[in-house]
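The primary structure of each chain is shown beneath.
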Amino acid sequence: MRVLCYAQTNIGSGRDNNEDNYYCNGTFKRDAAVPVAEAAAEQEGKRLIYGVFDGMGGEANGEQAALLCAQTLHRCSSDEPFDALDFFRRANVAVCDIIAASGQVSGSTAATVHLTGNHAYCCNVGDSRIYLQRGGALQRISRDHTKYQERLDAGAAAGDADDADDSPDRHVLTQYLGMLGARQRLMPYFAAGVPLAVGDRLLLCTDGLTGKLSDSRLQAVLGTDMPLPELGQALMAQALDAGPGDNITLVLIEITALDPETTVPLPQPPVEELSQTRRFEVSAERIAEQETQRKKQARARRREWVLTVSVILAVLCAVVAALWIAVGSIPRKPPAPAPTPVQTVTPTPRPTPNAPPQVILPPMPTPDLEPELTPEPSAEPTPAPPPATTRAPEQLPG
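Residues numbered from 1 in each chain as written. Predicted model: local features only at pLDDT ≥ 70, side-chain atom pairs only at ≥ 80, totals over all residues. Heavy atoms only, no water.

Draft legend 1. Focus on the packing of helix α5 (residues 215–222) against helix α6 (residues 228–241). Packing of α5 against α6 brings their axes to within 10 Å, and their N-to-C directions diverge by 150°. As summarised for this structure, α5 and α6 are arranged roughly antiparallel, according to the angle between their axes. Crossing of α5 over α6 shows right-handed handedness. Only L231, L235 and Q238 of α6 make contact with α5, whose side of the interface consists of R217, L218, V221 and L222. Taken together, the residues of the contact of α5 with α6 sort by class into five nonpolar, one polar and one charged. (Axes fitted to C-alpha atoms, helices over the stretch in contact; angles between N-to-C directions. Helix = DSSP H or I, 4+ residues; strand = E, 2+ residues; numbered from the N terminus. Parallel < 35°, antiparallel > 145°, perpendicular 65-115°, else oblique. Left-handed = near helix turned anticlockwise from the far one by under 90°. Contact = heavy atoms within 4.5 Å. Nonpolar A, V, L, I, M, F, W, Y, C, P; charged D, E, K, R; others polar.)

Draft legend 2. Looking closely at a positive patch on the surface. Taken together, K296, R299, R301, R302 and R303 make up a surface patch of like positive charges. Considering the arrangement of structural elements, one finds R303 in helix α7 (residues 284–328). (Patch = residues over 30% accessible without salt bridge, like charges linked within 9 Å, V, L, I, M, F, W, Y side chains within 5 Å. Areas by Shrake-Rupley, 256 points an atom, 1.4 Å probe, with all protein chains shown as cover. Salt bridge = Lys/Arg side-chain N within 4 Å of Asp/Glu carboxyl O. Lys, Arg positive; Asp, Glu negative; His and termini not counted. Charge placed at Lys NZ, Arg CZ, Asp CG, Glu CD.)

Draft legend 3. View of the environment of Q43. Structurally, Q43 can be placed in strand β4 (residues 37–44). The class for Q43 is buried, based on a relative accessible area of 12%. In the structure, Q43 is positioned 210 residues away from I253 in sequence and 10.0 Å away in space, judged by C-alpha atoms. In this view, Q43 contacts M1, R2, V3, C5, C24, N25, L48 and Y50; residues no more than four positions away in its chain are not counted. In terms of polar contacts, Q43 uses its side chain to reach the backbone carbonyl oxygen of C24, at 3.4 Å. (Buried < 20%, exposed > 50% of the residue type's maximum accessible area, 1.4 Å probe, protein only. Polar contact = N/O pair within 3.5 Å; in protein donor to acceptor, adjacent residues only side chain to side chain.)

Draft legend 4. Layout of the sheet that holds strand β1 (residues 2–10). An order of β4-β1-β13-β12-β8-β9 is seen for the six strands of this open sheet, with the pairing classed as antiparallel. Only two strands of the sheet have a single partner each, and these edge strands are β4 and β9 (137–140). Along the sheet, successive strands turn relative to each other by an average axial angle of 15°, direction set aside. Sitting on the sheet, α5 touches β8 (129–134), β9, β12 (201–205) and β13 (248–257), and the angle it makes with β9 is about 130°. In this fold α6 packs onto β1, β4, β12 and β13, with an angle of close to 155° to the strand it touches most, β13. (Pairing = 2+ DSSP bridges.)

Draft legend 5. Structural detail: the confidence of the model for the chain. Residues at a pLDDT of 70 or more form 69% of the chain, whose mean pLDDT is 79. Across the chain, the element-wise mean pLDDT spans from 38 in strand β14 (residues 280–281) up to 97 in β12. Below pLDDT 50 for its whole length, residues 264–284 participates in 42 contacts with residues either more than four positions away or in separate chains. Counted against residues more than four places away or in other chains, residues 388–394, with its pLDDT under 50, gives zero contacts. (pLDDT = per-residue confidence, 0-100.)

Draft legend 6. The arrangement of the environment of I49 in detail. Mapped onto the fold, I49 is located in strand β5 (residues 47–56). Considered as a pair, I49 and F82 are 33 residues apart in the sequence and their alpha carbons are 9.2 Å apart. With near-sequence residues (within four places) excluded, I49 lies in contact with Y23, C24, N25, L73, S77, F82, V113 and H114.

Draft legend 7. Spatial organisation of the state of the cysteines. All chains considered together, the criterion is met by zero disulfides. Between C5, a free cysteine, and C24, which holds the nearest cysteine sulfur, the sulfur-to-sulfur gap is 4.5 Å. Residue classification places C5 among the buried residues on the basis of a relative accessible area of 5%. (Disulfide = S-S within 2.5 Å.)

Draft legend 8. Looking closely at the nonpolar core. Grouped together as the largest cluster of nonpolar side chains are 28 residues, with contacts concentrated most on Y50, L115, V251 and I253. Apart from residues lying up to four places away in sequence, L115 is in contact with M1, V3, K46, R47, L48, Y50, A120, L196, L202, I253 and I255. Core analysis: the second largest hydrophobic core is formed by 27 residues, F28, L73, F87 and A110 among them. (Core = buried A, V, L, I, M, F, W, Y, C linked by side-chain atoms within 4.5 Å.)

Draft legend 9. The packing of aromatic side chains, seen in detail. Taken as a whole, this structure holds three aromatic pairs when the rule is applied. Seen in terms of ring centroids, Y23 and F28 are 6.1 Å apart; in terms of plane orientation they differ by 25°. Their pairing is stacked. Each member of the pair, Y23 as well as F28, is classed as buried. Relative to F88, the ring of F87 lies with its centre 5.0 Å away and its plane at 70°, an arrangement referred to as edge-to-face. For the pair F87 and F88, a shared accessibility class is recorded, and that class is buried. Among the aromatic side chains, those forming a connected cluster through ring pairs are F53, F87 and F88. (Phe/Tyr/Trp six-rings, centres within 6.5 Å; stacked < 30°, edge-to-face > 60°.)

Draft legend 10. Summary view of the packing of helix α1 (residues 61–76) against helix α2 (residues 84–102). Contact pair α1 / α2: the axes reach a minimum separation of 9 Å and the direction vectors enclose 145°. Here α1 runs over α2; the crossing is right-handed. Side by side, α1 and α2 meet where Q64, A65, L68, C69, T72, L73, R75 and C76 of the first sit next to D86, F87, R90, A91, A94, V95 and I98 of the second. Looking at the contact of α1 with α2 residue by residue, the class counts come to ten nonpolar, two polar and three charged.

Draft legend 11. Molecular detail of α5. D215, L218, V221 and L222 are the residues of α5 that are buried. Axial view of α5: buried residues confined to an arc of 125°, hence all on one face. On its buried face, α5 sits against β8, β9, β12, α4 (207–210), α6 and β13. (Arc of directions from axis to C-beta.)

Draft legend 12. The pairing of β12, seen in detail. Here β12 lies mainly inside the structure; five of its five residues are buried. Sheet topology places β8 next to β12; five bridges connect them, and they run antiparallel. If you follow Y131 over to β12, its bridge partner there is L203.

Laid out in structure tokens, this is it:
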């Protein structure tokens, strides 16, 4: 299959940031902060995938949610076979994860077209739309997930489709990517596989375009013979001229050749009222199967999270224990003793070798001296002492 494609996302009038994104079989706005981006190419292959995403949340939240959806579709596009339900489930989980991480409200709509086997398989969540232009007929093949659409499904009078903007429930979404809570099940809607013919044009767009251009106006523009890039630029210019509004994103696809082995003749589709186009809901069995798979994967993620936390705690405990042991094995210096007061000790004299012992006698007591008497002079003469007699030494017996 061979197609021409053109895509543009525009910040629009009166907006501070562009929360939209697109996907053209591998090409998307990779920088979420870029206000305007476009792409045009001729593409060929057995399988071609396209999509548009309208982020919600304000500031950078919507930008990141839409970019995350485009990145998830890019990863899923390599799966064989491509499963649109699996993409919507994975994108919903991815957006829920960034909401849990940031703690801020976010979300995104999504509309995707999978071209294969000369058929278009369309799926959407939210109010981004998919149209098929064949000849003079424009057919909406997506379903709006809004309170307004619920009232139509319940049998309320639709009135003029061009006056739907007057409804306060037109932009109140009942389904989107990023739905949290057990009671808020993701329920994407599919159109049955639409057989394609050469010359068919598919339009994917966010509500920034459909909020400014009615279905009848889209039909008038898409029915012209302008080349695809000029046609996309004309749609964008008319939406911008309509006044301030939301971000605007569109993807146009024109079928230029089909696979010869699967080509079948197609009848001209009947012209139907645009607001009453037939829609096909995913079967209850498929939803139940997806819900069971989602619960299994949620339990697996919880087990993985618990195991990861347990391993981290075990490693931290081991590190703390090792540090405790290492610190305890380091020898510690004893505390320095308190300084001792210095005492002066008189050295004891040591005896000199071979010297006679010294005998230290105590000092002799000093006798008390009697007062010296002065003799009184005598009148009598002092007799002379007798002469000394020399005595011979006695002979001692020998």
